[in-house]
Amino acid sequence: MRRTVFNEDHEAFRETLRAFIEAEVVPVYDEWFAAGQAPRDFYYKLGELGIFGISVPEEFGGAGLDTHKFEAVLYEETARAGVQFGGSGVHVLLALPYIKMLATDEQKKRYLPKFVTGEEMWAIAMTEPGTGSDLAGMKTTARLSEDGTHYVLNGAKTFITGGVHADRVIVCARTAAPREDDRRFGISLFAVETKSEGYSIGRKLDKLGLRTSDTAELAFVDVKVPTEDLLGEENKGFHYLGHNLASERWGIAFGAYAQAKAAVRFAKQYVQERTVFGKPVAHFQNTKFELAACQAEVDAAEAVADRALEALDAGELTPAEAASAKLFCTEVAHRVIDRCLQLHGGYGYMNEYPIARLYADNRVNRIYGGTSEIMKTIIAKDMGL
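So, here's what we can say about the structure. (Residues numbered from 1 in each chain as written. Predicted model: local features only at pLDDT ≥ 70, side-chain atom pairs only at ≥ 80, totals over all residues. Heavy atoms only, no water.)

**Here's the deal with the overall build of the protein**
Line of reasoning, step 1. Across its full length, the protein carries twelve helices and ten strands.
Line of reasoning, step 2. Taking 2.2 N^0.38 as the reference for a compact globule, 385 residues should give roughly 21 Å; the C-alpha atoms of the protein span a radius of gyration of 21 Å, in line with that estimate.
Line of reasoning, step 3. Counting only C-alpha atoms, the protein reaches 80 × 50 × 40 Å along its principal axes.
Line of reasoning, step 4. With 385 residues in all, the protein has 52% of them scored as buried. (Helix = DSSP H or I, 4+ residues; strand = E, 2+ residues; numbered from the N terminus. Rg over C-alpha atoms; globule rule 2.2 N^0.38 Å. Buried < 20%, exposed > 50% of the residue type's maximum accessible area, 1.4 Å probe, protein only.)

In structure tokens:
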């Protein structure tokens, strides 16, 4: 089936990106993997390539393209090469939508030029120890000073992707107590400079997968945040968070589909080269049947991912549709990658093979951005159940 989601501009970007990955990432990726993070200066290279500025308005140094299709190409090409771009995905997929939606003109002038170049890397801090998916239960507070010039931030966050290298972090904190009839009320968003006094990075977390993506614990002790760095209005943070969940979940869905597609590519190459009992593994009927079944699932996931992408670009992707795409694509990726690893035999369990890293990287897709169980709840509610 011929895809119609990409045009010549997207394919030209794909060629440039593929060449960049082969030259700048693949040769050093094992070093990043061992170190548990990509080097900070790599993000300057992404800035030079234009990765960070695709959807940033031209007046702030970006390309001004209102589309997620270039991001989709990025997902496919990094998965195809079996690599990750460190924690930079959060910079664009998660942080940028909040800046574009909430920042004032003055804030955009301060934030976006450095965002585009990679001079100022961003992350977002929502999750807290003990709260998990219950964002309304967060304990981090931000109290307005008596003179009204700044907020005083106190609390802790965990599982913060990009948290080690970040220069600014969008921190979700309570500026007011929850209401009896609305426990989501009272949360606000702040663009916090990580060099602020009282701001500290705790452990760089040792994860099962996504090894090159720096993920950290953060702590705030009487951190002074200028009122000029409040994003949006006070106490409406939970509403803002919900507004961007559809795009976040599309990103996870598309990334999972891309990983599944890459897994089939890795497995096909392996079974054609690997010889067992005097024959290439690809000659056995079981191998053919397994890969054929995987390909059929990838085809279905591609259709779902592409449809969600078109809806997202048109501003029509609903929360339930995003949840459905995430649930389907991540579950497909789970099954496909597992079966493709099996075809590698014992070598599939070795980290020197991309399928092993892909297996570990993929597992979190059914957890972050809302667990599969949360996705089912959203879909069921939309069905009137």
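From this point, the narrative continues.
**Observations regarding the pattern of salt bridges**
Line of reasoning, step 1. In the structure shown here, the tally under the stated rule is 23 salt bridges.
Line of reasoning, step 2. In this structure, the salt-bridge partner of R14 is E11, at a minimum N-O distance of 2.9 Å. Here R14 pairs with E11, and both are found in helix α1 (residues 8-25), just three residues apart, close to one helical turn.
Line of reasoning, step 3. By relative accessible area, which is 10% here, R14 ends up buried.
Line of reasoning, step 4. A salt bridge links K236 to E233; its shortest N-O distance comes to 3.2 Å. (Salt bridge = Lys/Arg side-chain N within 4 Å of Asp/Glu carboxyl O.)

**Re a nonpolar patch on the surface**
Line of reasoning, step 1. Taken together, Y347, Y349 and M350 make up a surface patch of nonpolar side chains, about 360 Å² in accessible area.
Line of reasoning, step 2. Following the sequence through the fold, Y349 ends up in the loop between α10 (319-343) and α11 (354-362). (Patch = residues over 30% accessible without salt bridge, like charges linked within 9 Å, V, L, I, M, F, W, Y side chains within 5 Å. Areas by Shrake-Rupley, 256 points an atom, 1.4 Å probe, with all protein chains shown as cover.)

**Focus: the nonpolar core**
Line of reasoning, step 1. V25, F42, F85, L153, L189, V336 and C340 are the most contacted members of the largest nonpolar core, which has 110 residues in total.
Line of reasoning, step 2. The leading source of residues in this core is helix α8 (residues 245-273), at 15 residues.
Line of reasoning, step 3. Aside from chain neighbours lying at most four places away, what touches L189 is Y98, L102, I170, V171, C172, D229, L230, L231, G237, Y240 and L241. (Core = buried A, V, L, I, M, F, W, Y, C linked by side-chain atoms within 4.5 Å. Contact = heavy atoms within 4.5 Å.)

**A look at the environment of V169**
Line of reasoning, step 1. As for its position among the elements, V169 is in strand β4 (residues 168-174).
Line of reasoning, step 2. Apart from the residues within four sequence positions on either side, V169 is in contact with A123, I124, A125, F190, A191, V192, T194, Y199 and L218.

**Let's talk about the environment of Q259**
Line of reasoning, step 1. Note on placement: Q259 falls in helix α8.
Line of reasoning, step 2. What makes Q259 buried here is its relative accessible area of 6%.
Line of reasoning, step 3. Separated by 205 residues in sequence, Q259 and I54 have C-alpha atoms that sit 23 Å apart.
Line of reasoning, step 4. Not counting the four nearest positions on each side in its chain, Q259 is found in contact with A79, Q84, I337, L358, D361, N362 and N365.

**With respect to unusual backbone geometry**
Line of reasoning, step 1. The phi torsion at N235 lies on the positive side, around 70 degrees, for a residue other than glycine.
Line of reasoning, step 2. Structurally, N235 can be placed in the loop between β8 (230-231) and α7 (237-243).
Line of reasoning, step 3. Residue class for N235 comes out buried when judged on its relative accessible area of 17%.
Line of reasoning, step 4. Unusually for a residue other than glycine, F277 sits at a positive phi of about 55 degrees.
Line of reasoning, step 5. Relative to the elements of secondary structure, F277 occurs in the loop between β9 (275-276) and β10 (279-280).
Line of reasoning, step 6. Among the residues examined, F277 registers a relative accessible area of 77% and is labelled exposed.

**What to know about the packing of α8 against α10**
Line of reasoning, step 1. As a packed pair, α8 and α10 sit with axes 8 Å apart at the nearest point and diverge in direction by 20 degrees. Relative to α10, the element α8 is oriented roughly parallel. α8 and α10 meet at a crossing whose hand is left-handed.
Line of reasoning, step 2. Among the residues making up the contact of α8 with α10, the classes are represented as 19 nonpolar, two polar and two charged. (Axes fitted to C-alpha atoms, helices over the stretch in contact; angles between N-to-C directions. Parallel < 35°, antiparallel > 145°, perpendicular 65-115°, else oblique. Left-handed = near helix turned anticlockwise from the far one by under 90°. Nonpolar A, V, L, I, M, F, W, Y, C, P; charged D, E, K, R; others polar.)

**Details of the side chain of S145**
Line of reasoning, step 1. Note that S145 resides in the loop between β2 (141-144) and β3 (150-161).
Line of reasoning, step 2. Since its relative accessible area comes to 13%, S145 is described here as buried.
Line of reasoning, step 3. At a separation of 2.6 Å, a polar atom in the side chain of S145 contacts the side chain of D147. (Polar contact = N/O pair within 3.5 Å; in protein donor to acceptor, adjacent residues only side chain to side chain.)

**Quick look at α11**
Line of reasoning, step 1. Of all nine residues in α11, seven are buried, a share of seventy percent or more.
Line of reasoning, step 2. Restricting attention to buried positions, one finds in α11 the residues I355, A356, R357, L358, A360, D361 and N362.
Line of reasoning, step 3. Buried residues in α11 make contact with α2 (29-35), α8 and α10.

**Considering the side chain of R40**
Line of reasoning, step 1. You can see R40 is positioned in the loop between α2 and α3 (42-49).
Line of reasoning, step 2. The exposure class assigned to R40 is buried, which follows from its relative accessible area of 18%.
Line of reasoning, step 3. Among the polar contacts made by the side chain of R40, one reaches the main-chain carbonyl oxygen of E119 at a distance of 3.2 Å.
Line of reasoning, step 4. Engagement of the side chain of R40 in a polar contact is seen with the side chain of D167, the distance being 2.9 Å.
Line of reasoning, step 5. Setting aside chain neighbours within four positions, we find R40 in contact with G118, E119, E120, M121, H165 and D167.

**Focus: the packing of aromatic side chains**
For any pair of aromatic rings, geometry is given as the distance between the ring centres together with the angle between the planes.
Line of reasoning, step 1. In the structure shown here, the tally under the stated rule is 16 aromatic pairs.
Line of reasoning, step 2. Note on Y29 and W32: the rings are 6.0 Å apart at their centroids and 55 degrees apart in plane angle, and the pair reads as tilted. Placement of both Y29 and W32 in helix α2 is noted, with a separation of three residues, approximately one turn of the helix.
Line of reasoning, step 3. An aromatic cluster is built from F20, Y29, W32, F42, Y43 and F85, whose rings are joined through pairwise contacts.
Line of reasoning, step 4. Here R179 stacks its cationic end above the ring of F185, 3.7 Å away from the centre of that ring. (Phe/Tyr/Trp six-rings, centres within 6.5 Å; stacked < 30°, edge-to-face > 60°. Lys NZ or Arg CZ within 6 Å of the ring centre and 35° of its normal.)

**A few points about the pairing of β2**
Line of reasoning, step 1. As paired elements, β2 and β3 share four bridges and run antiparallel to each other. Of the residues in β3, the one forming a bridge with R143 is V152.
Line of reasoning, step 2. The turn joining β2 and β3, which pair antiparallel and follow one another in sequence, is formed by five residues; a positive phi near 75 degrees is taken by G148. (Pairing = 2+ DSSP bridges.)

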